[in-house]
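Here's the letter readout for the chains.
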Amino acid sequence: MHPGGTVVAIDGHDELRWWTWAGFRANATLTATIGDLADPTQRPDDTSIRLRAGVDRPGWLTATSDAADRICLPEIDEKALHGLKFSVALPRRLAEATLAARLADVPSARAVLAEPVRFVHWHR
């Protein structure tokens, strides 16, 4: 942990994890916002976001320098759409936008992006 910000931990197997401790909704918003930096096979959780292999500090800084100004809403999966009350009565785009807005935590995502990020190497 880093008391003055967040941590990107790189383990001995080249797995990168961004420890935000921001909560699921903020991490889902951050995952959508950082796009290609996030591992596309992972799902965000309450504590961290798995990053794709090869992300380094200079690439991170370049890719996230304006991220707070371009926050993206989380992607919605098919099961969530079917679980939305009255989803059959809504146009698909409206249903997706409704769920994405409910799932997002934009203020927390912006707060996390404003914090410094420390890159650390560790071995498990």
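The preceding data block contains the structure.
Residue indices follow the written sequence of each chain, beginning from 1 at its first position. Local features in this predicted model are restricted to residues of pLDDT 70 or higher, and side-chain atom pairs are both shown and tallied only at a pLDDT of 80 or more, whereas totals for entire chains, interfaces and linings draw on every residue. Neither water nor hydrogens contribute to the side-chain values; these are computed over all heavy atoms in the structure.

Things to note about the overall build of the protein
Link 1 in the chain: A helix here means a DSSP run of H or I that spans at least four residues, while a strand means a run of E at least two residues long, and both kinds are numbered starting from the N terminus. Across its full length, the protein carries five helices and four strands.
Link 2 in the chain: The dimensions of the protein, computed from C-alpha atoms along their principal axes, are 50 × 30 × 25 Å.
Link 3 in the chain: For every residue, the accessible area (1.4 Å probe, protein chains only) is compared with the maximum for its type, and the residue is labelled buried under 20%, exposed over 50%, or partly exposed between those bounds. Burial analysis of the protein (124 residues in total) assigns 40% to the buried set.

What to know about unusual backbone geometry
Link 1 in the chain: Phi is positive for Trp21, close to 55 degrees, though the residue is something other than glycine.
Link 2 in the chain: Mapped onto the secondary structure, Trp21 falls in the loop between strand E2 (16-19) and helix H1 (24-34).

Things to note about the sheet that holds strand E3 (residues 48-51)
Link 1 in the chain: Between any two strands, pairing holds if DSSP finds at least two bridges. With respect to topology, four strands assemble into an open sheet ordered E3-E2-E1-E4, the strand pairing being mixed. The strands lining the two open edges of the sheet, one partner per strand, are E3 and strand E4 (117-121). Averaged over all pairs of adjacent strands, the angle between their axes in this sheet comes to 20 degrees, without regard to strand direction.
Link 2 in the chain: Bridge count between strand E1 (residues 6-10) and E4: five bridges; the pairing is parallel. Along E4, the bridge assignment pairs Val8 with Phe119.
Link 3 in the chain: Helix-sheet contacts for helix H2 (residues 57-64) involve E2, E3 and E4, and the interaxial angle to E4 is about 155 degrees. Fitted lines through C-alpha atoms serve as axes, helices being fitted only where they are in contact, and the angles separating the N-to-C directions of these axes extend from 0 to 180 degrees. Whether two residues are in contact is decided by their heavy atoms, any of which lying within 4.5 Å being enough.

What to know about the packing of aromatic side chains
Link 1 in the chain: By convention, a stacked pair of Phe, Tyr or Trp rings (six-membered ring in the case of Trp) has centres within 6.5 Å and planes under 30 degrees apart, an edge-to-face pair has planes over 60 apart, and any other such pair is tilted. Taken as a whole and judged by the stated rule, the model has three aromatic pairs.
Link 2 in the chain: Ring geometry for Trp18 versus Trp60: centroids 4.7 Å apart, planes at 75 degrees, classification edge-to-face. On the criterion of sequence distance, the pair formed by Trp18 in strand E2 and Trp60 in helix H2 is long-range, its members being 42 residues apart. Pair check on accessibility: Trp18 and Trp60 agree, each one buried.

Here we look at the nonpolar core
Link 1 in the chain: Take the buried Ala, Val, Leu, Ile, Met, Phe, Trp, Tyr and Cys residues and link them wherever side-chain atoms come within 4.5 Å; each set so joined is a nonpolar core. Counting 19 residues, the largest nonpolar core has Val8, Trp18, Leu30, Ile34, Leu51 and Trp60 as its most contacted members.
Link 2 in the chain: With three residues, helix H5 (residues 106-114) is the largest single contributor of residues to this core.
Link 3 in the chain: Setting aside its immediate chain neighbours within four residues, Leu30 contacts Trp18, Thr20, Ile49, Ala109, Val112 and Leu113.
Link 4 in the chain: In terms of nonpolar packing, the next biggest core, distinct from the first, is built from six residues, Ile76, Leu81, Ala95 and Leu99 among them.

Description of the side chain of Arg17
Link 1 in the chain: Following the sequence through the fold, Arg17 ends up in strand E2.
Link 2 in the chain: A distance of 3.4 Å separates the side chain of Arg17 from the side chain of Glu15, its partner in a polar contact.
Link 3 in the chain: Polar contacts, as counted here, are pairs of nitrogen or oxygen atoms within 3.5 Å of one another; within protein the pair requires one atom able to donate a hydrogen and one able to accept it, and residues that are adjacent in sequence qualify only if both atoms are side-chain atoms. Reaching out from Arg17, the side chain makes a polar contact with the side chain of Ser48 at a distance of 2.9 Å.
Link 4 in the chain: Among all residues touching Arg17, those that are not within four sequence positions of it are Val7, Val8, Ala9, Ser48, Ile49 and Arg50.

Nothing here speaks to function; it is all geometry.
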